[in-house]
Amino acid sequence: MSSDLDTVAMTNSDGFEPLSAVCRIHTTKMKPDYTSPWQEDMSGRSSASGFVVQDPRSASGRLIVTCAHNVLYASDIMVQKYNSDVKAPADILRINVDCDIAILSMHDDSFWLIGDGDNDSDNDEKQDIIRPLTFGSLPRLQDHVRAIGYPELGSEICITQGM
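The structure presented is a predicted model; accordingly, all values stated were derived computationally and were not measured.

K.L.:
It is not clear to me how the nonpolar core should be interpreted in this structure. Could you clarify?
P.N.:
Across soluble globular proteins, nonpolar side chains have a tendency to be buried as a group. Counting 17 residues, the largest nonpolar core has I25, I64, V79, L104, M106 and F111 as its most contacted members. Those elements that provide at least two residues to this core are β1 (22-29), α2 (68-71), β4 (74-81), β5 (87-96) and β6 (101-106). The element contributing the most residues to this core is β6, with 3 residues. Counting residues in each nonpolar core, the second largest holds 5 residues, with L19, V22, Y82 and I157 among its members.

K.L.:
How do you make sense of the pairing of strand β2 (residues 44-54) when you look at a structure like this?
P.N.:
Successive side chains on a regular strand alternate, one facing one side of the sheet and the next facing the other. The pairing of β1 with β2 spans 8 bridges and is antiparallel. By the bridge assignment, T28 is partnered in β2 with R45. Direction of pairing for β2 relative to strand β3 (residues 62-66): antiparallel, over a ladder of 5 bridges. Paired with F51 across the bridge in β3 is V65.

K.L.:
Just to check I follow, could you spell out the side chain of R24 for this structure?
P.N.:
Considering the arrangement of structural elements, one finds R24 in strand β1. At a separation of 3.3 Å, a polar atom in the side chain of R24 contacts the side chain of S47. Here R24 is in contact with S47, A48, M78, V79, Q80, Y150, E152, G154 and S155, once residues within four sequence places are set aside.

K.L.:
Is there a simple way to explain the environment of F51 in this structure?
P.N.:
As for its placement among the helices and strands, F51 is situated in strand β2. F51 gets classed as partly exposed once you look at its relative accessible area, which sits at 26%. Those residues in contact with F51, other than ones at most four positions away along the chain, are A21, V22, L63, I64, V65, L133 and F135.

What counts as what
Residues numbered from 1 in each chain as written. Predicted model: local features only at pLDDT ≥ 70, side-chain atom pairs only at ≥ 80, totals over all residues. Heavy atoms only, no water. Core = buried A, V, L, I, M, F, W, Y, C linked by side-chain atoms within 4.5 Å. Buried < 20%, exposed > 50% of the residue type's maximum accessible area, 1.4 Å probe, protein only. Helix = DSSP H or I, 4+ residues; strand = E, 2+ residues; numbered from the N terminus. Pairing = 2+ DSSP bridges. Polar contact = N/O pair within 3.5 Å; in protein donor to acceptor, adjacent residues only side chain to side chain. Contact = heavy atoms within 4.5 Å.

By themselves, these figures tell us nothing about what the structure is for.
Okay, structure coming up:
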């Protein structure tokens, strides 16, 4: 019997694996203390999920969407690809706290490639495998949906499904 993860991870006819577009965002934060700005507050760490979207205006054609509360006050943002131990630095391109959404850009376009250092590639050639997700129509009431991402303290990707 296959798991839900196996069902979602199956590649389609053109080789696209949807889970490859889901990333884990690691942040180190330094929340300001407005009542005592001369004192440094203790930093904290958090992680959240993000996903790759297409942006024809960026150099790589890709950006990462995540929740704003994860990257707000971040002094360091690192992004980890699905099935990889490698973390790469990112910057906040846009953030909207009211909508709890942030858009990140990667420092280096080689993040979008596998090979040369990723532990999931046996050859030294870099291949473009991270393709952006596309937005479909909104689900209707009683439609089956899946939420895919990394739980707060988890290290493995999880899939939650329901109506």
